[in-house]
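As a plain string of letters, each chain reads:
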Amino acid sequence: MTSTSKVRVATVWLSGCSGCHMSFLDQDEALIDLAQQIQLVYSPIMDVKVFPENVDVTLIEGAVANEDQEELLKFARERTKILISLGDCAVTGNVPGLRNGITNSADAVLKRAFVETADMNPQIPTDVPTLLPKALPLHEVVKVDFYIPGCPPPADLINWVISRLMRGLPVNMEGRSKFG
Amino acid sequence: MTVGTVKLKIDNVEVAVPEGTTILEAAKSNGIDIPTLCNLEGLSGYGGCRLCMVEIHGSPKLFAACVTPVGMGMEVITQSDKLREYRKMAIQFILSERTHICAVCVANNACELQKLANDLGVDHVMFEREWTRLPVDSTHDFLVLDRNRCILCTRCLRVCDEIEGVHTLDLKMRGKDAQVIIDLDEDWANSSSCTSCRKCAKVCPVGAIYVESVALEETKDKGIAEFVLSRRNRK
Ligand code: SF4
Ligand code: SF4
Ligand code: SF4
């Protein structure tokens, strides 16, 4: 099979703990089958700097928490046919979203992390992407096509969704979406 | 007084139940399952969560089965695409009101809200979240109230009032801003009426009232109200 006939898949890591990517890799031997059918074109586990053109499926882990992530997400959306929210941080905001109930949460968390709890050189870094006022679920920023909730989503479920999509079958989450 | 019998159809099945029975009870006693959340056997009906809504032939409105009495000749539909969509929406309304970022609940399978969302295939909330941040009361020796997880089903209020008989718990404010309070909005530690019986924790469908250091699935006991009532009625 030539690589051009393969489904072009990307994975993106925004504000998450990488647990969802770990779960993706946890598909064990099913990954080998999957690897025959897909071409991974962009992912934190490979060294590609720019999100490519013409991606069929993109799985995105993590909430949208800073300006760079917002830009990458919009860019990925433009270049992807099917965009999937992978895991509770992407679907609900989850752990990064815990700051959202705090007034001026972006300033408050930076102060907490880099000043109040610093042992040396307490200072807020200026060379990192600016935090958004709230850490948002992906679908509050761009259109999302499918959701795989869970923290992290089980590897079997990830595999089930991707394989169904690749075969053009409907994805009904009844009885499968452990939504919290 | 003799109680009459009412004949009706539920999902095209002819049933006969005593007058005054609710649609929910009539369905249940005939083996027809309607999803519920705020309802609990042994407690008064509340009709707050709207999960049990059903269609009645001839009416464009939907009815909460737990508080709607049966009527002679009624034709009730408990499952349809329309009801499924509305039930999914009801779950999403509930989820959108509070944050529900529940570290333990993801794993413990002890949350009725999570189970219903799963059964109905709710995989995200289509409404914008409010990210409220509400006070947690952990002043009691072993009971904790986390209002951020509360879905305002009032099961705790009703069990405390109707079964334990002390009415420690109540609500302040209205609508989605409502909050469970203890006595006249005291810290739980200062409550003069609470008997520390834990019934509220046993019936809470989510993890909003829980017993510290006890796994949720061990604390929960949906049958507690019925059990106490059955003991009370013994001669
Ligand atoms: S959903 Fe859970 S596992 Fe996935 S990134 Fe967020 S915290 Fe990590
Ligand atoms: S512990 Fe018992 S008495 Fe106290 S609030 Fe809960 S139900 Fe009421
Ligand atoms: S604390 Fe629990 S039982 Fe009480 S109203 Fe909230 S969700 Fe219902």
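Residues numbered from 1 in each chain as written. Chains lettered and ligands numbered in written order. Predicted model: local features only at pLDDT ≥ 70, side-chain atom pairs only at ≥ 80, totals over all residues. Heavy atoms only, no water.

### What about the packing of aromatic side chains?
Residue and element names in this part refer to chain B.
- All told, the structure shown has 2 aromatic pairs over all chains when counted by the stated rule.
- Summarising the aromatic geometry, the rings of phenylalanine 93 and phenylalanine 127 are spaced 4.5 Å apart at their centres and angled 5 degrees between planes, so their arrangement reads as stacked. With phenylalanine 93 in helix 2 (residues 81-97) and phenylalanine 127 in the loop between helix 4 (112-120) and strand 6 (136-137), this pair connects stretches of sequence that are 34 residues apart.
- With a relative accessible area of 42%, phenylalanine 93 lands in the partly exposed category. (Phe/Tyr/Trp six-rings, centres within 6.5 Å; stacked < 30°, edge-to-face > 60°. Helix = DSSP H or I, 4+ residues; strand = E, 2+ residues; numbered from the N terminus. Buried < 20%, exposed > 50% of the residue type's maximum accessible area, 1.4 Å probe, protein only.)

### A short note on the side chain of arginine 99 of chain A
Residue and element names in this part refer to chain A.
- With respect to the element layout, arginine 99 can be found in the loop between helix 4 (88-92) and helix 5 (105-116).
- Separated by 2.9 Å, the side chain of arginine 99 and the backbone oxygen of leucine 132 make a polar contact.
- Contact partners of arginine 99, with chain neighbours within four places excluded, come to Ala65, Ser105, Ala106, Val109, Leu131, Leu132, Pro133, Lys134 and Ala135. (Polar contact = N/O pair within 3.5 Å; in protein donor to acceptor, adjacent residues only side chain to side chain. Contact = heavy atoms within 4.5 Å.)

### Looking at the site of ligand 3
- Taken together, the neighbourhood of ligand 3 is formed by 13 residues, with Cys150, Cys153, Thr154, Cys156 and Cys204 of chain B sitting nearest.
- Residues belonging to the shell around ligand 3 are distributed by class as follows: 11 nonpolar, 1 polar and 1 charged. (Near = heavy atom within 4 Å. Nonpolar A, V, L, I, M, F, W, Y, C, P; charged D, E, K, R; others polar.)

### Focus on the pairing of strand 3 (residues 53-56) of chain B
Residue and element names in this part refer to chain B.
- Neither face of strand 3 is left uncovered, since the one carrying Met53 and Glu55 and the one carrying Val54 and Ile56 both have all their residues buried.
- The antiparallel pairing of strand 3 with strand 4 (residues 62-64) creates a hairpin that spans 5 residues between the two strands, and glycine 58 there sits at a positive phi of about 95 degrees.
- Bridge analysis of strand 3 against strand 5 (residues 75-77) gives 2 bridges, and the strand direction is antiparallel. When the bridges of strand 5 are listed, isoleucine 56 appears paired with valine 76. (Pairing = 2+ DSSP bridges.)

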